[in-house]
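Structural overview for review
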Amino acid sequence: MKTIFSACCALLALCLFSPPVHAQQDAAAAKPLQVVLIAGGCCHDYATQTKLLKAGIEARMNAVVTVVLSPSNKTNARFDIYESDDWADGYDVVLHDECSASVMEEKYVKRILAAHRKGVPAVNIHCAMHSYRWGNFRQPVELGAANAGWYEMLGVQSTGHGPQSPIDVQYSVADHPITKGLEDWTTINEELYNNIRVFGSSTPLATGQQLVQPRKNELKKNPNAKPRQANAVVAWTNEYGPNKTKIFCTTLGHNNDTVGDDRYLDLITRGLLWTTGNLTADGKPTAAFAK
């Protein structure tokens, strides 16, 4: 009788404290998140950075990153993938890392944005913030204007940056799933992008502070010119379009050492998980996408 009782107790404990077999099977059989990384254009080592991003993201979560890399190193870089209305079909989230400031064809840009308006999430990094702009873009754009579409998707309008020097990154919203538990850090030499406009649909998550040394022309005018402190939002979320599509952006990511930094890759991975609804409140991947 004691043997039978002990066996029953063991079986009961197994049922109570072990996850159901079908749940274990579901997690093991979960399809990886399909990420398309679109990169290329001016001013960056995209050949290296796409490798760093792909390896870093796939090491952190159950995902397959498909790289679409333009061979162009010009600001007029275009991507064949965008020539089709269904360009985002088959992907769960788009990682925009292009630098195409001189691409001004409204029809082309609207085709990109249409996928996001329909609900395809996006993560935008660094020079994606300075792409697809025309008209008087150095002034705050008007909502609904032809040249406002890309900025409305991003949630912040940026038009330029200062010299390269370290940026002190401070997470201003500590309890958001993307930033939960992340510690403030200082980058290597990086570019601090300005904020011309922060749209009401966006939520800033991190700010950057950078000590900017006087430029040569400033010193000519004033030999006693002092360094100044520049401040800007460097990471944020946005809700875009009628479906309130989830968007995450960071302006960080100019240099390879930054893109390959674990702290940076953690941030990008969390952004991808959050935009697709697969990030827990404590900043972890849901079971299906955990590594």
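Residues numbered from 1 in each chain as written. Predicted model: local features only at pLDDT ≥ 70, side-chain atom pairs only at ≥ 80, totals over all residues. Heavy atoms only, no water.

Looking at an unreviewed UniProt entry, one finds the protein chain named Trehalose utilization and attributed to Roseimaritima ulvae.

Counting its regular elements, the protein chain contains eight helices and 11 strands. Referenced to the eigenvectors of the C-alpha coordinate spread, the extents of the protein chain come out at roughly 95 × 50 × 35 Å. Long-range contacts, defined here as pairs at least 24 residues apart, represent 75% of the contacts in the protein chain between residues at least 6 apart. Accessible surface computed for the protein chain: about 14,200 Å², of which carbon and sulfur atoms make up 54%. Averaged over its 28 positive side-chain charges, the protein chain has a centre that lies 3 Å from the centre of its 28 negative ones. (Helix = DSSP H or I, 4+ residues; strand = E, 2+ residues; numbered from the N terminus. Contact = heavy atoms within 4.5 Å. Areas by Shrake-Rupley, 256 points an atom, 1.4 Å probe, with all protein chains shown as cover. Lys, Arg positive; Asp, Glu negative; His and termini not counted. Charge placed at Lys NZ, Arg CZ, Asp CG, Glu CD.)

Within the structure shown, the criterion is met by five aromatic pairs. Here Tyr82 and Trp87 contribute two aromatic rings whose centre-to-centre distance is 5.0 Å and whose plane-to-plane angle is 85°, an arrangement assigned as edge-to-face. Assigned by exposure class, Tyr82 and Trp87 land together as buried. Relative to Tyr108, the ring of Tyr82 lies with its centre 5.8 Å away and its plane at 85°, an arrangement referred to as edge-to-face. Within this pair, whereas Tyr82 is found in the loop between β2 (63-69) and β3 (93-99), its partner Tyr108 is found in helix α4 (residues 106-118), the two being separated by 26 residues in sequence. The residues Tyr82 and Tyr108 share a single accessibility class, namely buried. In this arrangement the basic side chain of Arg78 is found over the ring face of Tyr108, its NZ or CZ atom lying 4.1 Å from the centre. In this structure, Lys246 is placed above the aromatic ring of Trp274, and the distance from its NZ or CZ to the ring centre is 4.7 Å. (Phe/Tyr/Trp six-rings, centres within 6.5 Å; stacked < 30°, edge-to-face > 60°. Buried < 20%, exposed > 50% of the residue type's maximum accessible area, 1.4 Å probe, protein only. Lys NZ or Arg CZ within 6 Å of the ring centre and 35° of its normal.)

Judged by pairing direction, the sheet is mixed, and its nine strands sit side by side in the order β2-β1-β3-β4-β11-β10-β9-β6-β7 without closing on themselves. Two strands bound the open sheet, and with one partner strand each, they are β2 and β7 (185-190). Averaged over all pairs of adjacent strands, the angle between strand axes in this sheet comes to 20°, irrespective of strand direction. Looking at chain direction, strand β6 (residues 165-171) and strand β9 (residues 202-212) are connected through four bridges and run antiparallel. Each residue of the ladder has a partner; that of Gln170, found in β9, is Thr207. Together, β1 (33-41), β3, β4 (122-125), β6, β7, β10 (228-240) and β11 (245-250) form the strand contacts of helix α8 (residues 262-275), whose direction differs from that of β11 by roughly 170°. (Pairing = 2+ DSSP bridges. Axes fitted to C-alpha atoms, helices over the stretch in contact; angles between N-to-C directions.)

Before going further, it helps to spend a moment on the nonpolar core. Nonpolar side chains in soluble globular proteins tend to end up buried together. If you look at the biggest cluster of nonpolar residues, it comprises 76 residues, and the most contacted ones within it are Val35, Ile57, Tyr82, Trp87 and Tyr132. Beyond its immediate chain neighbours, meaning those up to four positions away, Tyr132 contacts Phe79, Tyr82, Glu98, Ser100, Ala101, Val103, Tyr108, Val109, Ile112 and Trp150. (Core = buried A, V, L, I, M, F, W, Y, C linked by side-chain atoms within 4.5 Å.)

Following the UniProt record, one finds the feature "domain: ThuA-like" (unreviewed entry) at residues 88-275. Between the first and last C-alpha atoms of residues 88-275 the distance is 15 Å; the span itself is 23% helix and 31% strand. (UniProt positions renumbered as here; feature names shortened; annotations may be inferred.)

For the rest of this paragraph, the subject is the environment of Ala146. Looking at the element boundaries, Ala146 is found in the loop between β4 and α5 (149-154). The sequence separation of Ala146 and Gly135 amounts to 11 residues, and the corresponding C-alpha distance is 8.9 Å. Beyond its immediate stretch of four places on either side in the chain, Ala146 contacts Glu106 and Trp134.

This structure, assessed with the given rule, holds two disulfides. There is a disulfide in this structure between Cys42 and Cys43, and the S-S distance comes to 1.8 Å. Judged by the sign of its S-S torsion, about 50°, the cystine formed by Cys42 and Cys43 is right-handed. On the basis of relative accessibility, which here comes to 14%, the residue Cys42 falls in the buried class. Overall, the relative accessible area of 49% leaves Cys43 in the partly exposed class. The disulfide bridge from Cys99 ends at Cys127, spanning 1.9 Å between sulfur atoms. Of the two residues, Cys99 is situated in strand β3 and Cys127 in the loop between β4 and α5; the sequence distance between them amounts to 28 residues. Comparing Cys99 with Cys127, the two get one shared label, buried. For the unlinked cysteine Cys249, the closest cysteine sulfur is that of Cys127, found at 13 Å. (Disulfide = S-S within 2.5 Å.)

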